[in-house]
Amino acid sequence: MTKWNYGLAYYNDGVIEPHGEYMNDMSPGEQAIAHFLEEAGEKGWELCALLPGKTTSCLVFKRPARS
């Protein structure tokens, strides 16, 4: 069975910011969408859900847990 690590990022008004605790291998601070997704993909993160909010949405990422 595959074990997963989950990450969170916040999306607001065209920029994404990784949650420091759950995606601590990502560059901190707000980033353009394309740059964020390129970096996340290189680190094995896959977008798996979008939780919409009134002002800020939450993006959920996953990747296989490393042993």
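Predicted, not measured: the structure shown is a model, and the values here were computed from it. (Residues numbered from 1 in each chain as written. Predicted model: local features only at pLDDT ≥ 70, side-chain atom pairs only at ≥ 80, totals over all residues. Heavy atoms only, no water.)

*Asks:* Would you mind showing me how to read helix α1 (residues 33–42) here?
*Replies:* Residue pairs three or four apart in sequence face the same way in an α-helix, which turns once every 3.6 residues. F36, E39 and A40 are the residues of α1 that are buried. Burial along α1 is one-sided: seen end-on, the buried residues are contained in an arc of 100°. Those residues of α1 that are exposed and angled more than 90 degrees off the buried face are A34, E38 and E42. In the core, the buried residues of α1 are packed alongside β1 (4–12), β2 (15–18), β3 (31–32) and β5 (57–64). Looking one or two residues beyond α1, the residue adopting positive phi is G44, at roughly 90°. (Buried < 20%, exposed > 50% of the residue type's maximum accessible area, 1.4 Å probe, protein only. Helix = DSSP H or I, 4+ residues; strand = E, 2+ residues; numbered from the N terminus. Arc of directions from axis to C-beta. Contact = heavy atoms within 4.5 Å.)

*Asks:* Explain the sheet that holds strand β4 (residues 46–51) here, please?
*Replies:* Each strand in a sheet pairs with its neighbour through backbone hydrogen bonds, running either in the same direction (parallel) or in the opposite one (antiparallel). One open sheet holds the five strands; their spatial order is β3-β2-β1-β5-β4, and the pairing between them is antiparallel. Here the strands that pair on one side only, and so sit at the sheet edges, are β3 and β4. (Pairing = 2+ DSSP bridges.)

*Asks:* Whenever I open this one, unusual backbone geometry confuses me. Can you help?
*Replies:* What you tend to see is this: most non-glycine residues have negative phi, and most peptide bonds are trans. Not every positive phi belongs to a glycine, and D13 is a case in point at roughly 55°. Topologically, D13 is positioned in the loop between β1 and β2.

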